[in-house]
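# Structural overview for review
Each chain, written out:
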Amino acid sequence: MGPHPAVAAIRLAVRRVLHDILNDLSSEPSAVFGSSAVSGPSVLSGRTAVSEQRPYERPAAPLVLVACSGGADSMALASALAFEAPKLGIRAGGVTVDHGLQSGSDLRADEVALRLGELGLDPVDCVAVTVGREGGPEAAARDARYAALDAAAARHGADAILLGHTRDDQAETVLLGLARGSGIRSLSGMAAVSGAGGRYRRPFLHLDRQTARKACMVQSLPVWDDPHNADPAYTRSRLRHEGLPALEKALGKGVVEALARTAQLSRDDADALDTWARQAEASVRDAAGLLECAKLYALPPAVRRRILRQAAIEAGAPAGSLFARHIEEVDRLITGWRGQGAINLPGKVVAQRQGGRLVIRQG
């Protein structure tokens, strides 16, 4: 008799992603998994379990980490990784991040790390971070978390980090992007593969949250429900407990699936437009590398605005602070030129039209 359908579903999702990781690694010229590297047992350094390895040497087998908060999604992911990785010759480890936003969060993070170790994951990191204020509490916590995960990957030489985002999370992300009015890229939600070199992998984007919770229940995996996920002070929490249920009541079941499908379709379109913009950029620059307004004007708006956005980022504008309204103002220097002055952008970047050229630079 095989595993419960929920357990089988999460294991299959993880197995497919692990195969993808191995295929990606095998296509790299330097992907040689020899025996020259020496891996010792994990040792506890402060609250961080660090593998003793000689620097600059690749381990004998690739390492995949799971980011685990202790919630149902990430615990289900951790258990599936622990089950599937050894069968493919992959080492499996885990990282849990203590954001320090709740009383006793350090003890809870230590407990999650202990559970990961009991699943057989090694190495296991328990990392404390300081959450800033920029961009609001949710964005600041996310930035701190990804910085900690990037550092853990570098510390252990991990080839990938698995994230437990589900189809429900994807639907919420699409609705949040729609509310911001940020364009098709926001509607594309979370990518199955993202980060530098495709570091982050999301195996569960086609699975619903209940499947992960059911998998934990039938495996008797302890689960911690973050009270922030039910706190109406947070936008995503309100959307989860009020917005999506209201949409399903008004439109019927299937809203989550439709939103997730919209994310994939939007991502395909956005990727195509990004490629078009990259190919078109060289053709709208003069010999000195300046953007020519007349040639920009001839491009479709979606392509032109992508070129303008990339030019602003290259000039020093932070991508996370550069919104659609900023790009629209710069675009008017091309499409609605009436002698207006320079446009101030985040990061002290200035865009202005000079002699038929668009100049974007640090002010």
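Values in this document were obtained by computation on a predicted structure and should not be read as measured data. (Residues numbered from 1 in each chain as written. Predicted model: local features only at pLDDT ≥ 70, side-chain atom pairs only at ≥ 80, totals over all residues. Heavy atoms only, no water.)

### Re the sheet that holds strand β9 (residues 291-292)
Where strands meet in a sheet, backbone hydrogen bonds hold them as pairs that are either parallel or antiparallel. To keep things clear, this is the line we draw: Two strands are counted as paired when DSSP detects at least two bridges linking them. Under the scheme used here, helices are H or I runs from DSSP no shorter than 4 residues and strands are E runs no shorter than 2 residues, and both carry numbers assigned from the N terminus. Residues count as neighbours in contact if any of their non-hydrogen atoms are within 4.5 Å of one another. To obtain an axis, a line is fitted to C-alpha atoms, over the contacting stretch when the element is a helix, and the angle between two such axes runs from 0 to 180 degrees between their N-to-C directions.
Strand order in the open sheet formed by four strands is β9-β12-β11-β10, and the pairing between neighbours is antiparallel. Among the strands making up the open sheet, the edge pair consists of β9 and β10 (343-345). Note: β10 against strand β11 (residues 349-354), three bridges, orientation antiparallel. Counted as the bridge partner of leucine 345 is valine 349 from β11. Against the sheet, helix α11 (residues 301-314) touches β9, β10, β11 and β12 (357-362), its axis set at about 35° to β12.

### Focus on the packing of aromatic side chains
Test applied: Aromatic contacts are taken between Phe, Tyr and Trp rings whose centres are within 6.5 Å, Trp giving its six-membered ring; a plane angle under 30 degrees counts as stacked, one over 60 as edge-to-face, and the others as tilted. Only protein chains enter the accessibility calculation, which uses a 1.4 Å probe. A residue is then buried if its area is under 20% of the maximum for its type, exposed if over 50%, and partly exposed in between. The rule is short: NZ of Lys or CZ of Arg within 6 Å of the ring centre and within 35 degrees of the ring normal puts a charge over the ring.
Counting across every chain of the model gives one aromatic pair. Ring geometry for tyrosine 146 and tyrosine 200: centres 5.1 Å apart, planes at 85°, overall edge-to-face. Here tyrosine 200 lies in strand β8 (residues 200-201) and tyrosine 146 lies in helix α4 (residues 137-156), a separation of 54 residues in the sequence. For tyrosine 200, a relative accessible area of 4% puts it in the buried group. Above the ring of phenylalanine 83, the side-chain terminus of arginine 11 is found at 3.6 Å from the ring centroid.

### Considering α4
Inclusion rule: Given the number of residues in a helix, its expected span is that number minus one, multiplied by 1.5 Å.
If you check α4, its first and last C-alpha atoms are 29 Å apart, about what 20 residues at 1.5 Å a residue would give, namely 28 Å. Those residues of α4 lying buried are Ala139, Ala140, Ala141, Ala144, Tyr146, Ala148, Leu149, Ala152, Ala153 and His156. A positive phi of about 70° marks glycine 157, the residue just after α4.

### What about the environment of arginine 145?
Relative to the assigned elements, arginine 145 resides in helix α4. Beyond its immediate chain neighbours, meaning those up to four positions away, arginine 145 contacts Val97 and His99.

### A look at the state of the cysteines
So the rule is basically this: Note on terminology: disulfide denotes any pair of cysteine sulfur atoms within 2.5 Å.
With the rule as written, the count across this model stands at zero disulfides. Free of any disulfide, cysteine 126 has its nearest cysteine sulfur in cysteine 68, 11 Å distant. The closest cysteine sulfur to the non-disulfide-bonded cysteine 216 is located on cysteine 68, 8.7 Å from its own sulfur.

### So, helix α7 (residues 209-218)
Which entries qualify depends on this criterion: Any pair of nitrogen or oxygen atoms within 3.5 Å is treated as a polar contact; in protein, a donor-acceptor pairing is required on top of that, and neighbouring residues in sequence qualify only through side-chain atoms on both sides.
The set of residues buried in α7 consists of Arg209, Thr211, Ala212, Ala215 and Cys216. Of the surrounding elements, those touching the buried residues of α7 are α1 (5-26), α2 (72-84), α5 (167-180) and α8 (235-251). The N-cap of α7, judged by a side-chain oxygen 3.2 Å from the amide nitrogen of glutamine 210 a few residues on, is aspartate 208.

### Observations concerning the packing of α2 against α7
This is how the line gets drawn: In this scheme, roughly parallel covers angles under 35 degrees and roughly antiparallel covers those over 145, while 65 to 115 is roughly perpendicular and the rest are oblique. If you view the pair so one helix is near and one far, a crossing is left-handed when the near helix is turned anticlockwise from the far one by less than a right angle, and right-handed when it is turned clockwise. Gly falls in the polar group here, along with every residue not listed as nonpolar (Ala, Val, Leu, Ile, Met, Phe, Trp, Tyr, Cys, Pro) or charged (Asp, Glu, Lys, Arg).
Two numbers describe how α2 lies on α7: the axes approach to 8 Å, and their chain directions differ by 60°. On the basis of their axis angle, the class for α2 and α7 is oblique. Read as a crossing pair, α2 and α7 show a hand that is left-handed. The residues of α7 that touch α2, namely those facing Ala72, Asp73, Met75 and Ala76, are Arg209, Ala212, Arg213, Ala215 and Cys216. Along the lines of polarity and charge, the residues of the contact of α2 with α7 split into six nonpolar, no polar and three charged.

### Here's the deal with the pattern of salt bridges
As a reminder of what qualifies: Throughout this description, the term salt bridge denotes a Lys or Arg side-chain nitrogen within 4 Å of a carboxyl oxygen of Asp or Glu.
Evaluation of the coordinates by the stated rule reveals 24 salt bridges. Where arginine 209 meets aspartate 169, a salt bridge forms, and the shortest distance between an N and an O atom there is 2.9 Å. Of this pair, arginine 209 sits in helix α7 while aspartate 169 sits in helix α5; the two residues are 40 residues apart in sequence, bridging distant segments of the chain. For aspartate 169, a relative accessible area of 9% puts it in the buried group. Of the charged contacts in the structure, one is a salt bridge between glutamate 172 and arginine 209, with a shortest N-O distance of 3.1 Å. You can see glutamate 172 sitting in helix α5 and its partner arginine 209 sitting in helix α7, a full 37 residues away along the chain. The same class applies to glutamate 172 and to arginine 209, which are both buried.

### Concerning the pairing of strand β5 (residues 124-128)
Of all five residues making up β5, four are buried, and the element is well covered by its neighbours. Relative to β5, strand β4 (residues 91-98) runs parallel, the two sharing five bridges. Among the inter-strand pairings, threonine 96 is bridged to a residue of β5, identified as cysteine 126.

### A short note on the pairing of β4
Regular strands place their side chains on alternate faces of the sheet. Our working definition: Here a crossover is taken to be right-handed if, once the strands point away from the viewer, the path from the first strand over the helix to the second is traced clockwise.
By the criterion of burial, β4 is predominantly enclosed, with seven of the eight residues buried. As paired elements, strand β3 (residues 63-67) and β4 share five bridges and run parallel to each other. Across the sheet, valine 66 pairs through a bridge with glycine 94, a residue of β4. Between the parallel elements β3 and β4, the chain passes through α2 in a crossover that is right-handed. For the handedness criterion, the β-α-β arrangement of β4, helix α3 (residues 105-118) and β5 is classed as right-handed.

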